[in-house]
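Examining the three-dimensional arrangement
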Amino acid sequence: MTAHDDERTAQLAQSLSAVRTRLDAAVDAAGRRPGDVDLLVVTKFFPAEDVARLITLGEKDFGESREPEASRKIDELRADAGGDLGDVAFDMIGSVQTKKARTVARWARAVHSVDRDKLIDHLATASKSALDDGERSTPLGIYLQLSLDGDPTRGGALEKELPELADRVEASDSLALRGLMVIAPLDGDVDEWMARTAQAHERFRARFPQATALSAGMSADLESAVAHGSTCVRVGTAIMGPRPLISH
Ligand SMILES: *Cc1c(COP(=O)(O)O)cnc(C)c1O
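Residues numbered from 1 in each chain as written. Predicted model: local features only at pLDDT ≥ 70, side-chain atom pairs only at ≥ 80, totals over all residues. Heavy atoms only, no water.

Comments concerning the site of the ligand
- If you check the shell around the ligand, you find V42, K44, I93, I183, M218, S219, R234, V235, G236, T237 and R243 and nothing else.
- At a separation of 2.8 Å, an oxygen atom of the ligand approaches a polar backbone atom of G236.
- Residue R243 places a side-chain N or O atom 2.8 Å away from an oxygen atom belonging to the ligand.
- Per-class residue counts for the shell around the ligand are five nonpolar, three polar and three charged. (Near = heavy atom within 4 Å. Polar contact = N/O pair within 3.5 Å; in protein donor to acceptor, adjacent residues only side chain to side chain. Nonpolar A, V, L, I, M, F, W, Y, C, P; charged D, E, K, R; others polar.)

This is the structure in structure tokens:
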């Protein structure tokens, strides 16, 4: 794997620039400041080469959603970079099985999909081991995933369950509560869902003022999310193109 100056890089540069233009316009339209909203480029299903291309284009924040795909990809990138990826960071945005907590804690800056007490306990233990072993140097960031409609297939906890989960995160030195994450349901009006998300985040922050982050918005709904206070949009398809079908 080498530095890239090929057709795919040109394609990524173009789609990235289009998404950054959309994001800047959304931030401006919402009367927010440039830099208020982070862009997490979601590279799941795409090869390490594409992440390397995006790094050469100046991107530093990436989202991955599956193990062991993420671990393999990041190991490959690290090896290629001579062991150190500098300030490039990867967040885990997909659901985490408790048995995968240990490997996720080795590479993830934060986990965006935390929705149950048992997972918090596993991540706390895993992050502590990773800190003790020098595999990470900072506590694992935690976003509690809010379920807006209670649909179990998308994951997430109900709003009323969040304070207890947050207390559990706060009780661990190896975890750091960042805020909330949401995936808007496909049905209904996305602005309505995002408005409800903003209200839930405000109520949550009244109890946990340090939980300032709101991970909301994807390729199709980033404008609405930014209008309703998102601090981190997770964009895959609009940058990477359609995800390839992968057989297991
Ligand atoms: C895949 C994924 C995304 C990116 O979705 P796109 O519609 O491709 O932008 C965002 N968030 C989560 C949790 C995902 O799994």
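Regarding the environment of L40
- Tracing the sequence through the fold places L40 in strand β1 (residues 38–42).
- Judged by its relative accessible area of 1%, L40 is buried.
- L40 sits 178 residues away from M218 along the chain, and the two C-alpha atoms are 9.5 Å apart.
- Not counting residues up to four positions away in its chain, the partners in contact with L40 are D61, F62, G63, D91, I93, R109, H112, C232, V233, R234 and V235. (Helix = DSSP H or I, 4+ residues; strand = E, 2+ residues; numbered from the N terminus. Buried < 20%, exposed > 50% of the residue type's maximum accessible area, 1.4 Å probe, protein only. Contact = heavy atoms within 4.5 Å.)

Considerations on the UniProt feature "modified residue: N6-(pyridoxal phosphate)lysine" (unreviewed entry) in the protein
- Taking the UniProt record as the reference, the feature "modified residue: N6-(pyridoxal phosphate)lysine" (unreviewed entry) is found at K44.
- Note on placement: K44 falls in the loop between β1 and α2 (48–56).
- Ignoring any residue separated from it by four or fewer positions in sequence, one finds K44 in contact with G63, E64, S65, E69, K73 and R243. (UniProt positions renumbered as here; feature names shortened; annotations may be inferred.)

Brief notes about the pattern of salt bridges
- In this structure the tally under the stated criterion is 20 salt bridges.
- We note a salt bridge from D91 to R109, for which the minimum N-O separation is 3.0 Å. Of this pair, D91 sits in strand β3 (residues 89–92) while R109 sits in strand β4 (residues 108–114), and the two are 18 residues apart along the sequence.
- For D91, a relative accessible area of 2% corresponds to the buried category.
- Note that R102 and D133 form a salt bridge whose closest N and O atoms lie 3.1 Å from each other. Of this pair, R102 sits in helix α4 (residues 101–107) while D133 sits in the loop between α5 (117–132) and β5 (140–146); the two residues are 31 residues apart in sequence, bridging distant segments of the chain.
- Judged by its relative accessible area of 26%, R102 falls in the partly exposed class.
- D133 gets classed as exposed once you look at its relative accessible area, which sits at 52%.
- Among the ionic contacts, a cluster of salt bridges with common partners joins D6, R8, D50 and R53. (Salt bridge = Lys/Arg side-chain N within 4 Å of Asp/Glu carboxyl O.)

Quick look at the environment of S17
- By the element assignment, S17 lies in helix α1 (residues 7–29).
- Residues S17 and I239 lie 222 residues apart in sequence; the distance between their C-alpha atoms is 8.7 Å.

Points about α1
- Taking 1.5 Å of rise per residue, the 23 residues of α1 would be expected to cover 33 Å, and the 33 Å separating its terminal C-alpha atoms lies within 8% of that figure.
- Among the residues of α1, R8, T9, L12, S15, L16, V19, L23, A26 and V27 are the ones counted as buried.
- G31 lies just past α1 and shows a positive phi near 70°. (Expected span 1.5 Å × (residues − 1).)

Description of the pairing of strand β2 (residues 61–64)
- In this structure, β1 lies alongside β2, joined through two bridges in parallel fashion. Counted as the bridge partner of V41 is F62 from β2.
- Examined bridge by bridge, β2 and β3 share four bridges and lie parallel to one another. Within β3, the position partnered with D61 by the bridge is A89. (Pairing = 2+ DSSP bridges.)

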